[in-house]
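Take a look at the letters that make up each chain.
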Amino acid sequence: MKVVVLTSNINEARVPNRIAEFRKRGYQLEVYCYCRDPERPFLKEEGVLYHVLGEVGRGASSYFKRLFAEFKDVRKVIRQYKGQDVVFYLINNDMALLYYMIGGRQPFIYEEADLRHTYFSSGILRRAFEYIDKRIIKRSLLTVFVSKGFATYHYGDGKIPDNITYIFNKLNPSVMDLPYERIRIPDVNHLKMGFVGSIRLYDSLYNFAKVFCDAFPNHEFHFYGNVVDSKFYELKSLANCIFHGPFSNPSDLPGIYSEIDILLSTYDIRFDNVRYAEPNKIYESIFFEVPIIVSSGTYLAERVSDLGIGYSVDAMDDAEVKRLVSMLTREDLLQKTANAHSIAKKECVIDNDDFFGILEGRLKTIKKV
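Residues numbered from 1 in each chain as written. Predicted model: local features only at pLDDT ≥ 70, side-chain atom pairs only at ≥ 80, totals over all residues. Heavy atoms only, no water.

J.: Honestly, a positive patch on the surface in this entry has me stumped. Any pointers?
T.: Taken together, the side chains of Arg105, Arg135, Lys138 and Arg139 define a basic patch exposed on the protein surface. Inspection of the secondary structure puts Lys138 in helix H4 (residues 123-139). (Patch = residues over 30% accessible without salt bridge, like charges linked within 9 Å, V, L, I, M, F, W, Y side chains within 5 Å. Areas by Shrake-Rupley, 256 points an atom, 1.4 Å probe, with all protein chains shown as cover. Salt bridge = Lys/Arg side-chain N within 4 Å of Asp/Glu carboxyl O. Lys, Arg positive; Asp, Glu negative; His and termini not counted. Charge placed at Lys NZ, Arg CZ, Asp CG, Glu CD. Helix = DSSP H or I, 4+ residues; strand = E, 2+ residues; numbered from the N terminus.)

Structure follows, in structure tokens:
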């Protein structure tokens, strides 16, 4: 059965990974996509036909404009395959929402990587979109969550539908072929903390880095990645805040993580999406054996605590940030590293045999009908 992929962000690392997995397992694919960053080429899988539908903007304010802009394109694609023996793979909630609104009839898989509606300021809109989101999940052949926290958000302690499965934001398997050994011994009098990824305006990230650099001039903060929000450049005036620019994932990761003592991954908990998400940074922290600091009061904080690989903090509380940094000891940092080392590397890389086993069972059911 042919799989037709619809995605609003082909530049997101997990999307090419997902396409590669389907192709590796022998599925016939055709991809219809939008670009978020047209200047950054995306990885194309050999044997897959790609159709770039256009470019879309970023940010919460552009969400509804984006839906309107995408509507005609998505409707055209759905009509093109009407009556054909295909399954749609809808990556991100805007694609799933449009498919639902247009009335697509073919079976579909919905991959929800963000609780997008939780960013709406209107409570009425949040509740309405949550209702629709759960309707989409119910109608799907399978729904994929990238965090078990999403199931908690949608269903609380209630019964989770049996068509829900999980694909976590793990590392590309090629990282296993890169040489890496954690030999760095932290010097608590001169710590190097790092943020690795797209540098966009999360108040908690900005505030932590500013307080850290101001209060601890003997330590250093390192930003690795493309700066999306120029506000972060204000931190360049601080002598101990260093920006390294874009990097290649995963080839540059071993070099980056060999240079830092602690990974920072604090996001703004005023949004429910952040409270329930499981970013890929937890898997980078484990794989490269670097202790991680995350926002308290989140599903991610619970995971970090259970695994004993890092710390949680209210990054908007200056006193708490200072208290955490002041209490860090060489022994405790090494223990966090040891805890990460005890987790098998293969647990951190993409391997979704379980998902594809479930999918094949569902597809057989469709064929029988």
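Now, onward.
J.: In this structure, what is going on with helix H1 (residues 14-24)? I would like to understand it.
T.: Given 3.6 residues to a turn, an α-helix orients residues that are three or four positions apart in the same direction. A large share of H1 lies buried, amounting to eight of its 11 residues. What H1 keeps buried is the set Arg14, Val15, Pro16, Asn17, Arg18, Ile19, Glu21 and Phe22. Gly26 sits one or two positions beyond H1 and adopts a positive phi of about 90 degrees. (Buried < 20%, exposed > 50% of the residue type's maximum accessible area, 1.4 Å probe, protein only.)

J.: What's the story with the side chain of Thr298 in this structure? I'm lost.
T.: Relative to the helices and strands, Thr298 is located in the loop between strand S12 (292-295) and helix H10 (299-307). A polar contact of 2.8 Å, which involves the side chain of Thr298, links it to the backbone oxygen of Ser295. (Polar contact = N/O pair within 3.5 Å; in protein donor to acceptor, adjacent residues only side chain to side chain.)

J.: What is the right way to read a nonpolar patch on the surface from this model?
T.: On the surface, Phe64, Phe68 and Leu125 cluster together into a nonpolar patch covering about 300 Å² of accessible area. Here Phe68 is to be found in helix H2 (residues 63-80).

J.: Any chance you could explain the packing of aromatic side chains here in plain terms?
T.: Each pair of aromatic rings is reported with the distance of its centres and the angle of its planes. One pass over the full model with this rule turns up 32 aromatic pairs. Look at Phe212 and Phe221: their rings are 6.0 Å apart centre to centre, the planes differ by 70 degrees, and that puts the pair in the edge-to-face class. Residue Phe221 is classed as buried on the basis of its relative accessible area of 0%. Positioned over the ring face of Tyr166 is Lys148, at 5.7 Å from the centre of the ring. Its guanidinium or amino end placed over the ring of Phe287, Lys345 lies 5.1 Å from that ring's centre, counting from NZ or CZ. (Phe/Tyr/Trp six-rings, centres within 6.5 Å; stacked < 30°, edge-to-face > 60°. Lys NZ or Arg CZ within 6 Å of the ring centre and 35° of its normal.)

J.: What is the right way to look at the environment of Pro217 in this model?
T.: Note that Pro217 resides in the loop between helix H6 (203-215) and strand S9 (220-224). As a C-alpha pair, Pro217 and His244 span 27 residues in sequence and 19 Å in three-dimensional space.

J.: Honestly, the side chain of Gln106 in this entry has me stumped. Any pointers?
T.: Inspection of the secondary structure assignment puts Gln106 in the loop between helix H3 (93-102) and strand S5 (108-112). At a separation of 2.3 Å, a polar atom in the side chain of Gln106 contacts the main-chain carbonyl oxygen of Tyr81.

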